[in-house]
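Coordinates in review
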Amino acid sequence: MGKRLLILEDGTIFEGEAFGADIDVTGEIVFNTGMTGYQESITDQSYNGQILTFTYPLVGNYGINRDDYESISPTCKGVVISEHARRASNWRTQLSLDEFLKAKNIPGISGIDTRALTKIIRQHGTMKATMADDGDSVDHLKDQLRATVLPTNNIEQVSTKTAYPAPGVGKSIVLVDFGLKHSILREFSKRNANVTVVPHDTTAEEILSLNPDGVMLSNGPGDPTDVPHALDMIRGIQGKIPIFGICMGHQLFALANGAETYKMTFGHRGFNHAVREIASGRVDFTSQNHGYAVKRDSLPDCLMITHEEINDKSIEGVRHRDFPAFSVQFHPDAAPGPHDADYLFDDFLEMIDAYQAEQGR
């Protein structure tokens, strides 16, 4: 493979080895601190439009398999790693990381100092970056990078265009797709739920017409303020149907109730974020992937904080004081793990039972 350049918005240039697809890309560069799970991360639609840096030094060593997809068509812009494993070795392996990225038209770069890159992002925040083959004019690439305006319709790009079922015989759940991970569907499947996945712009009336027992607001990419139509939908169903929000769904639920969100310096992306449940003091290690968070001092009286991140005290969960509705910033579906918080799916179904008992249903 030939040389490839990674050029940051602040002018920093890294030179490494090219692998994956042979194309130039521009996107927001972020880092993930997970020690495993590169397949789940690359196929997580919350990375739509982003160049994904892995801080773990060796990536690709167990290849790509059929079981760990979070979406079939990943939309991250590129992959940055320190060392690209020469050979994939695992009994489930179907193809190598290089073969997979080529098939999905995603470029990769290896052999760069990802530790130094991560320190730049931590200090200066996420920024635009370009991956391009060596030989292009660096000055021209820098000019193009500065002129590039990143899209804001990330959720529209990844949400399903038509509703589809994930059949079961239990509770009927409408899952609003803002860029969902397949592991959410897997968790509902374990609990025999009858899930209907609907597009991001589905209205409250359309959801109510499906007569669901509960509504799940999924994870997804980008800035939650870019999908104001979702706030009207949430306000139209809360109090009528139990709601559970995850990640983007959590931020939208908070916004719909009058809170504000902000862009974090470099976000939380990885599988080792400690979160405390305030009521019990229980600490869970969680899977996270978000660049925005809910402002603590903007929280309305109707929402109470249920979880907070131990390191930076950011809000990780809220519950509505009057309605059967709650949300968390982390991923209780956790693919890859840890699975400390998957009990929240059971809590959601129990909340539905309690609400229906109150309604005499």
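Source: prediction; values computed, not measured.

This part is about the sheet that holds strand β9 (residues 127-133). Strands sit in the order β1-β2-β8-β6-β4-β3-β9 around a closed barrel of seven strands; the barrel is mixed. Strand-to-strand, the axes of this sheet are offset by a mean angle of 35°, without reference to chain direction. Across the sheet, helix α3 (residues 114-124) touches β1 (3-8), β2 (13-20), β3 (25-32), β4 (50-54), β6 (78-80) and β9, and the angle it forms with β3 is around 95°.

Along α3, the residues classified as buried are Thr114, Leu117, Thr118, Ile120 and Ile121. Projected onto a plane normal to the axis of α3, the buried residues spread over an arc of 155° and lie on a single side. Pointing more than 90 degrees away from the buried face of α3 are the exposed residues Arg115, Lys119 and Gln123. For α3, the N-terminal cap is Asp113; the gap from its side-chain oxygen to the backbone nitrogen of Arg115 is 3.2 Å. Once α3 ends, the next one or two residues include Gly125, with phi positive near 90°.

Residues given the UniProt feature "active site" (unreviewed entry) here are Cys247, His331 and Asp333. Despite a sequence span of 87 residues, these residues sit close together in the fold, their greatest C-alpha distance being 11.1 Å. The residue Cys247 is located in the loop between β14 (243-246) and α9 (248-256) in this model. Overall, the relative accessible area of 1% leaves Cys247 in the buried class. Beyond its immediate chain neighbours, meaning those up to four positions away, His331 contacts Lys181, Asn219, Ile246, Cys247, Ser287, Gln288 and Asn289.

Moving on: the sheet that holds strand β15 (residues 261-277). Across the sheet, ten strands lie side by side as β10-β12-β11-β13-β14-β19-β18-β17-β15-β16; this open sheet has mixed pairing. Two strands close off the open sheet at either side, each with one partner strand: β10 (164-166) and β16 (283-294). If you compare each strand with its neighbour and ignore which way they point, the axes differ by 25° on average. Direction of pairing for strand β13 (residues 214-217) relative to β14: parallel, over a ladder of three bridges.

The next thing to look at is the domain arrangement of the protein chain. When its domains are assigned, the protein chain resolves into domain 1 (3-150) and domain 2 (155-359). Look at where the C-alpha atoms of domain 1 and domain 2 centre, and you get two points 28 Å apart. With 28 residues of domain 1 at the interface, the matching set in domain 2 holds 22 residues. Roughly 1900 Å² is buried in total at the junction of domain 1 and domain 2, and carbon and sulfur atoms are behind 47% of that figure.

For the rest of this paragraph, the subject is the side chain of Asp68. Position of Asp68 among the secondary structure elements: in the loop between β5 (58-59) and β6. A polar contact is formed between the side chain of Asp68 and the side chain of Asn65, at a distance of 2.9 Å. At a separation of 2.8 Å, a polar atom in the side chain of Asp68 contacts the side chain of Arg92. Not counting chain neighbours up to four residues away, the residues in contact with Asp68 comprise Gln39, Glu40, Thr43, Arg92 and Arg186.

Under the defined criterion, the tally for this structure stands at 21 salt bridges. Salt-bridge contacts for Arg66 lead to Asp67; the nearest nitrogen and oxygen are separated by 3.1 Å. Residues joined in a network through salt bridges with shared partners are Arg66, Asp67, Asp68 and Arg92.

It is worth spelling out the pairing of strand β19 (residues 325-328) at this point. Judged by which residues are buried, β19 turns out to be covered on both faces: Ala325 and Ser327 on one side and Phe326 and Val328 on the other are all buried. With four bridges joining them, β14 and β19 adopt parallel strand pairing. Paired with Phe244 across the strands is Phe326, a residue of β19. Taken together, the three bridges between strand β18 (residues 315-320) and β19 define a ladder with antiparallel strand orientation. Its bridge partner lying in β19, Val318 is registered against Ser327.

Calculation notes
- Residues numbered from 1 in each chain as written.
- Predicted model: local features only at pLDDT ≥ 70, side-chain atom pairs only at ≥ 80, totals over all residues.
- Heavy atoms only, no water.
- Pairing = 2+ DSSP bridges.
- Helix = DSSP H or I, 4+ residues; strand = E, 2+ residues; numbered from the N terminus.
- Axes fitted to C-alpha atoms, helices over the stretch in contact; angles between N-to-C directions.
- Contact = heavy atoms within 4.5 Å.
- Buried < 20%, exposed > 50% of the residue type's maximum accessible area, 1.4 Å probe, protein only.
- Arc of directions from axis to C-beta.
- Polar contact = N/O pair within 3.5 Å; in protein donor to acceptor, adjacent residues only side chain to side chain.
- UniProt positions renumbered as here; feature names shortened; annotations may be inferred.
- Domains from an automatic or database assignment.
- Buried area = accessible area lost by both parts, 1.4 Å probe.
- Salt bridge = Lys/Arg side-chain N within 4 Å of Asp/Glu carboxyl O.

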